[in-house]
Amino acid sequence: MTADTTVEPAAAPRRRGDADGRTTRRSPLRRLLGRPEMGALVGAAAVYALFYAVAPTFRQLDSLSTVLYQASTLGIMGVAVALLMIGGEFDLSAGVAVTTSALTASMFAFQLTLNVWSGVLVALVLSLAIGALNGVLLVRTKLPSFLITLATFLMLQGLNLAVTKGITGNVATDSIRDMDGFDQARAVFAATLTIGDTQLRITVLWWLGFAALATWVLLRTRYGNWVFAVGGNPESARAVGVPVAFVRISLFMTVGLAAWFVGMHQLFAFNTVQSNGGIGNELLYIAAAVIGGCLLTGGYGSIAGPAIGAFLFGMANQGIVYANWDPDWFMFFLGAMLLLAVLLNLWVRRQATRR
């Protein structure tokens, strides 16, 4: 019997960081660059530096308060839209849904001479119902959310104008300033806080609170894992027990909830509502989410990114005014900013994942 002279091949030398047999870990810098919100953060820093240099008024605390207010009304909707986009869907009716909510609350309370809180509650039910309808239609018909919510957008736009003119005889609602419950509702949805010598709208605090809550839900709960799974691959998610239909419907209802809140702010901040408001704002919500790193294909993104994207929009909106630039260039500036942010996000992700 001969001895076994087989020589085992020498083990390949492990690279530094492969002590546990896994691939090399990315450095902290690459992990940081790989965050969805990094492109938006770099872009926001650049825009802030630009207006800080060219517009002395922009440097004042009161100006920052105004920028934050502009960002907050966009950012509250941006939080919900970002969650929906991470889940792989769109909602083109989000802009006019805000106006629908405000119109409903105002006309219901005014025409029936009720406490304004009754209108607020009816508007909440309607906003959630619109979101649920979008979700159910998506789940039942399998049509793209783009088409479903585009149809909802057109119907709500027509209803807003037709119903308002039919009930009030005008394109705007009547003032509810002197109605019961107005001051209490205004304190919740549209109060102005004084901090030192600066006034801050309460929507800024609501925005930051909603963003913090959504971040916790997305990163620390099972539901957050479901959102990522549904946005990444719904069939695979369904195969492992994720309730895909529930997630999609609930995400659309979340957009409805945000639309209700922003609608209530507009109502109690300005007392009346124009029936043609909100058209086009849905694109700003989506743009804030995309600038913040949310992919159009779903399954990737964060809440911090869209929050930064909303702040970037707020800076651009007010910075152009403070710099005495021609406001007619505002939308061009926003479009260029969106394109540059998307390209920057793409470059940052490629750099972060390159070996």
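Residues numbered from 1 in each chain as written. Predicted model: local features only at pLDDT ≥ 70, side-chain atom pairs only at ≥ 80, totals over all residues. Heavy atoms only, no water.

1. So, a nonpolar patch on the surface
Logical step 1: Taken together, the side chains of L143, F146, L147, L150 and L154 present a nonpolar region at the surface, about 450 Å² in accessible area.
Logical step 2: You can see L150 is positioned in helix α6 (residues 145-168).
Logical step 3: For L150, a relative accessible area of 31% corresponds to the partly exposed category. (Patch = residues over 30% accessible without salt bridge, like charges linked within 9 Å, V, L, I, M, F, W, Y side chains within 5 Å. Areas by Shrake-Rupley, 256 points an atom, 1.4 Å probe, with all protein chains shown as cover. Salt bridge = Lys/Arg side-chain N within 4 Å of Asp/Glu carboxyl O. Helix = DSSP H or I, 4+ residues; strand = E, 2+ residues; numbered from the N terminus. Buried < 20%, exposed > 50% of the residue type's maximum accessible area, 1.4 Å probe, protein only.)

2. Here we look at the pattern of salt bridges
Logical step 1: One pass over the full model with this rule turns up 3 salt bridges.
Logical step 2: Residue E89 pairs with R248 through a salt bridge whose shortest N-O separation is 3.4 Å. Linking E89 in the loop between α3 (61-86) and α4 (94-112) with R248 in helix α11 (residues 244-270), this pair joins segments that are 159 residues apart in sequence.
Logical step 3: A residue is classified by how much of its surface remains accessible, and E89, at 9% relative accessible area, is buried.
Logical step 4: Between R177 and D183 there is a salt bridge, with the nearest N and O atoms lying 3.1 Å from each other.

3. Looking at the side chain of E282
Logical step 1: For E282, the position within the fold is in helix α12 (residues 281-291).
Logical step 2: Within the buried core, E282 has no salt-bridge partner, and the shortest N-O distance to an opposite charge, that of K165, equals 21 Å.
Logical step 3: Apart from the residues within four sequence positions on either side, E282 is in contact with D91, L92, A94, G95, V96 and F153. (Lys, Arg positive; Asp, Glu negative; His and termini not counted. Contact = heavy atoms within 4.5 Å.)

4. A word on the packing of aromatic side chains
Logical step 1: Here the structure, examined in full by the defined rule, presents 15 aromatic pairs.
Logical step 2: On the basis of an interplanar angle of 45° and a centroid distance of 6.1 Å, the ring pair of W117 and F189 is categorised as tilted. Taken as a pair, W117 in helix α5 (residues 116-141) and F189 in helix α7 (residues 182-189) lie far apart in primary sequence, 72 residues in all.
Logical step 3: The buried category is assigned to F189, whose relative accessible area is 2%. (Phe/Tyr/Trp six-rings, centres within 6.5 Å; stacked < 30°, edge-to-face > 60°.)

5. Remarks on the side chain of T99
Logical step 1: By the secondary structure assignment, T99 is in helix α4.
Logical step 2: Here T99 is in contact with N160, V273, Q274, S275, G277 and G278, once residues within four sequence places are set aside.

6. Quick look at α3
Every α-helix carries 3.6 residues per turn, so stepping three or four residues along brings you back to the same face.
Logical step 1: At L74, α3 shows its strongest bend, of approximately 30°.
Logical step 2: In terms of residue burial, α3 counts as a mostly covered element, since 19 of its 26 residues are buried.
Logical step 3: Among the residues trailing α3, G88 stands out with phi positive, at a value near 90°. (Bend = angle between axes of the 7 residues up to and from the residue.)

7. Here we look at the nonpolar core
Logical step 1: The biggest cluster of nonpolar side chains holds 91 residues, and the ones touching the most others in it are M77, F189, M264, F268, I303 and F313.
Logical step 2: Other than its neighbours up to four places away in sequence, F189 contacts W117, V120, I202, T203, W260, F261, M264, H265 and F268. (Core = buried A, V, L, I, M, F, W, Y, C linked by side-chain atoms within 4.5 Å.)

8. Thoughts on the pairing of strand β2 (residues 198-201)
Logical step 1: Here β2 shows one buried face, formed by T198 and L200, and one open face, formed by Q199 and R201.
Logical step 2: Here strand β1 (residues 192-195) runs beside β2; their pairing, made up of 4 bridges, is antiparallel. Within β2, the residue paired with T192 across the bridge is R201.
Logical step 3: Here β1 folds back onto β2, and the loop between the two strands holds 2 residues, one of which, G196, carries a positive phi near 65°. (Pairing = 2+ DSSP bridges.)

9. Here we look at the environment of G293
Logical step 1: Position of G293 among the secondary structure elements: in the loop between α12 and α13 (304-322).
Logical step 2: Residue classification places G293 among the buried positions, given a relative accessible area of 2%.
Logical step 3: Placed 53 residues apart in sequence, G293 and L346 show a C-alpha to C-alpha distance of 8.9 Å.

10. A word on the environment of F58
Logical step 1: As for its position among the elements, F58 is in the loop between α2 (38-54) and α3.
Logical step 2: The exposure class of F58 is buried, given its relative accessible area of 4%.
Logical step 3: Each C-alpha atom, one on F58 and one on G319, is 6.5 Å from the other, the two residues being 261 residues apart in sequence.

11. Observations regarding unusual backbone geometry
Logical step 1: Look at K142: it is not a glycine, yet its phi comes out positive at around 65°.
Logical step 2: Mapped onto the elements of the fold, K142 is located in the loop between α5 and α6.
Logical step 3: The phi torsion at N324 lies on the positive side, around 60°, for a residue other than glycine.
Logical step 4: On the basis of relative accessibility, which here comes to 69%, the residue N324 falls in the exposed class.

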